[in-house]
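For reference, the chains in residue letters:
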Amino acid sequence: MMPRVLNAYRIELIKALRSRATFVGPALLLLLMAGALFVHPVVRDEKSDYDFIAYAVPSAINVLGILLILSHSAASVSGELSSGTIRLVLVRPLRRGEFILAKSLAGFSYAALITALAASSAWTAAWVLGDLTGVRFGGDVLYTDRDMRVAFLIATGLNLPPQFAAVAYAVFVSTCIRNPASAVIVAIGTWILVDAVKYPLGIAPYVFSSYLDSSWQPFSERCMGIESEFSRTALYGIGVSIVSMTLFLAGAVMVLSRKDLSA
């Protein structure tokens, strides 16, 4: 099974690299990161600029980044369905579940790319234009550079599971809807709707998107000199994301297995 999935995943990456549309999202993200320098300037003033990183990276990933991830993943399967190329793909020794898994792995890679671009561009801007000398208060070092780097890596790691769950959700929508544009609209529209009602309905702890923002909170608080640790909520967020991802992928496989691809 895995050799077939990995081969299909490799083909997905090659197709993505050959498509100009793949590079539009990262380009927009880099433009947004450049714009963040005007909203939150970075200067050499002997004050650490971790607060710029705490502002720019979550803003880029959790707003523009998540829209790019949803759009990319929601068009993945539906694009194959609408064009009919899925029939040619499945002629090979590739099962429908393996096809979904390969598409999901490609989506995970895209999400990781978005995260890496946002993180690397923010850290580069802070290092070149500003100062990264730990977090100080009253002359005392509250958090060293190493403490902040470790905290950022933890926050980034905690932010990835909800992103991967978003990929699985969009792949599920993409499997249900044949038209790529409609799939993207439904995926983003439903995301916004759920995001608007999850707190009034009291279901936010059970919705994986809630942990996109909370994963960055300890790092942001440390940037302000506030003592903060990564709590059990972070582990709960990982659990919710994994369960959601599993259910959405299982649903996508079930839907695709029942689809009549001859139409």
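Residues numbered from 1 in each chain as written. Predicted model: local features only at pLDDT ≥ 70, side-chain atom pairs only at ≥ 80, totals over all residues. Heavy atoms only, no water.

## Thoughts on the overall build of the protein chain
Reasoning step 1: When its secondary structure is counted, the protein chain shows eleven helices and two strands.
Reasoning step 2: Listing the helices and strands of the protein chain from first to last along the sequence gives α-α-α-α-α-α-β-β-α-α-α-α-α.
Reasoning step 3: Taken against the 2.2 N^0.38 rule, which gives 18 Å for 263 residues, the C-alpha radius of gyration of the protein chain at 20 Å falls within 12% of a compact globule.
Reasoning step 4: In terms of its C-alpha atoms, the protein chain occupies a principal-axis envelope of roughly 70 × 40 × 35 Å.
Reasoning step 5: Per-residue burial for the protein chain yields a buried fraction of 44% across its 263 residues.
Reasoning step 6: Long-range pairs, those at least 24 residues apart, make up 80% of the contacts in the protein chain with a sequence separation of at least 6.
Reasoning step 7: With an accessible surface of roughly 13,400 Å², the protein chain has 67% of that area assigned to carbon and sulfur atoms. (Helix = DSSP H or I, 4+ residues; strand = E, 2+ residues; numbered from the N terminus. Rg over C-alpha atoms; globule rule 2.2 N^0.38 Å. Buried < 20%, exposed > 50% of the residue type's maximum accessible area, 1.4 Å probe, protein only. Contact = heavy atoms within 4.5 Å. Areas by Shrake-Rupley, 256 points an atom, 1.4 Å probe, with all protein chains shown as cover.)

## Digging into the nonpolar core
Reasoning step 1: Core analysis: the largest hydrophobic core is formed by 67 residues, its most contacted members being Ile53 and Phe219.
Reasoning step 2: Among all residues touching Ile53, those that are not within four sequence positions of it are Pro58, Ala122, Trp123, Ala126, Leu132, Phe152 and Phe219. (Core = buried A, V, L, I, M, F, W, Y, C linked by side-chain atoms within 4.5 Å.)

## Structural notes on the confidence of the model for the protein chain
Reasoning step 1: Mean pLDDT over the protein chain: 87, with 93% of residues reaching 70 or higher.
Reasoning step 2: Per-element confidence in the protein chain ranges from a low mean pLDDT of 63 for helix α5 (residues 85–89) to a high of 95 for helix α8 (residues 180–197). (pLDDT = per-residue confidence, 0-100.)

## Some remarks on the pattern of salt bridges
Reasoning step 1: One pass over the structure, following the stated rule, counts four salt bridges.
Reasoning step 2: The salt bridge involving Lys103 is made with Glu12; its shortest N-O contact spans 3.1 Å. One end of the pair, Lys103, is in helix α6 (residues 96–129); the other, Glu12, is in helix α1 (residues 2–18), with 91 residues separating them in the sequence. Glu12 matches Lys103 in its accessibility class, with the two residues each being buried.
Reasoning step 3: With a shortest N-O distance of 3.4 Å, Glu98 and Arg95 are connected by a salt bridge. (Salt bridge = Lys/Arg side-chain N within 4 Å of Asp/Glu carboxyl O.)

## Some remarks on the layout of surface pockets
Gaps left between atoms show up when a probe the size of a water molecule is rolled over them.
Reasoning step 1: There is about 670 Å³ of room inside the largest pocket.
Reasoning step 2: Forming the walls of the largest pocket are 25 residues, and the residues nearest its centre are Ala16, Ser19, Thr22, His72 and Tyr110.
Reasoning step 3: When contributions to the lining of the largest pocket are tallied by element, the ones reaching two or more residues are α1, α2 (21–39), α3 (50–74), α4 (76–83) and α6.
Reasoning step 4: Grouping the amino acids of the lining of the largest pocket by side-chain chemistry returns twelve nonpolar, nine polar and four charged. (1 Å grid on protein atoms, 1.4 Å probe; cavity = no way out; pocket = protein on both sides within 12 Å on 5 of 7 lines; lining within 4 Å. Points joined across faces, edges and corners; volume = space filled by probe spheres on them. Nonpolar A, V, L, I, M, F, W, Y, C, P; charged D, E, K, R; others polar.)

## Points about the packing of α6 against helix α11 (residues 232–258)
Reasoning step 1: For the pair α6 and α11, interaxial distance at closest approach is 9 Å and the crossing angle is 135 degrees. With respect to α11, the element α6 is oriented oblique. In this structure, α6 meets α11 at a crossing whose hand is right-handed. For the pair α6 and α11, the contacting residues are Arg96, Gly97, Phe99, Ile100, Ser104 and Phe108 in the first and Met245, Leu249, Ala252, Val253, Leu256 and Ser257 in the second. (Axes fitted to C-alpha atoms, helices over the stretch in contact; angles between N-to-C directions. Parallel < 35°, antiparallel > 145°, perpendicular 65-115°, else oblique. Left-handed = near helix turned anticlockwise from the far one by under 90°.)

## Details of the packing of α3 against α8
Reasoning step 1: Orientation of α3 relative to α8, taken along the N-to-C sense of each, is 140 degrees, at an axis distance of 8 Å. Classed by the angle they form, the pair α3 and α8 counts as oblique. Two packed elements cross with a definite hand, and for α3 against α8 that hand is right-handed. Of the residues in α8, those touching α3 at Ile66, Leu67, Leu70, Ser71 and Ala74 are Ala183, Val184, Ala187, Ile188 and Trp191.
Reasoning step 2: In the contact of α3 with α8, the residues fall into nine nonpolar, one polar and no charged.

## Comments concerning the packing of aromatic side chains
Reasoning step 1: Evaluation of the coordinates by the stated rule reveals eleven aromatic pairs.
Reasoning step 2: Between the aromatic rings of Tyr169 and Trp191, the centroid separation amounts to 6.2 Å while the plane-to-plane angle is 45 degrees, which identifies the pairing as tilted. Placement of Tyr169 in helix α7 (residues 145–176) and of Trp191 in helix α8 is noted, with a sequence separation of 22 residues between them. Accessibility classification places Tyr169 together with Trp191 in one group, the buried group. (Phe/Tyr/Trp six-rings, centres within 6.5 Å; stacked < 30°, edge-to-face > 60°.)

## Focus: a nonpolar patch on the surface
Reasoning step 1: Judged by side-chain polarity, Leu201, Ile203, Tyr206 and Tyr236 come together as a nonpolar surface patch covering roughly 440 Å² of accessible area.
Reasoning step 2: Along the polypeptide, Tyr206 turns up in the loop between α8 and α9 (211–214).
Reasoning step 3: Judged by relative accessible area, Tyr206 falls into the exposed class, the value being 57%. (Patch = residues over 30% accessible without salt bridge, like charges linked within 9 Å, V, L, I, M, F, W, Y side chains within 5 Å.)

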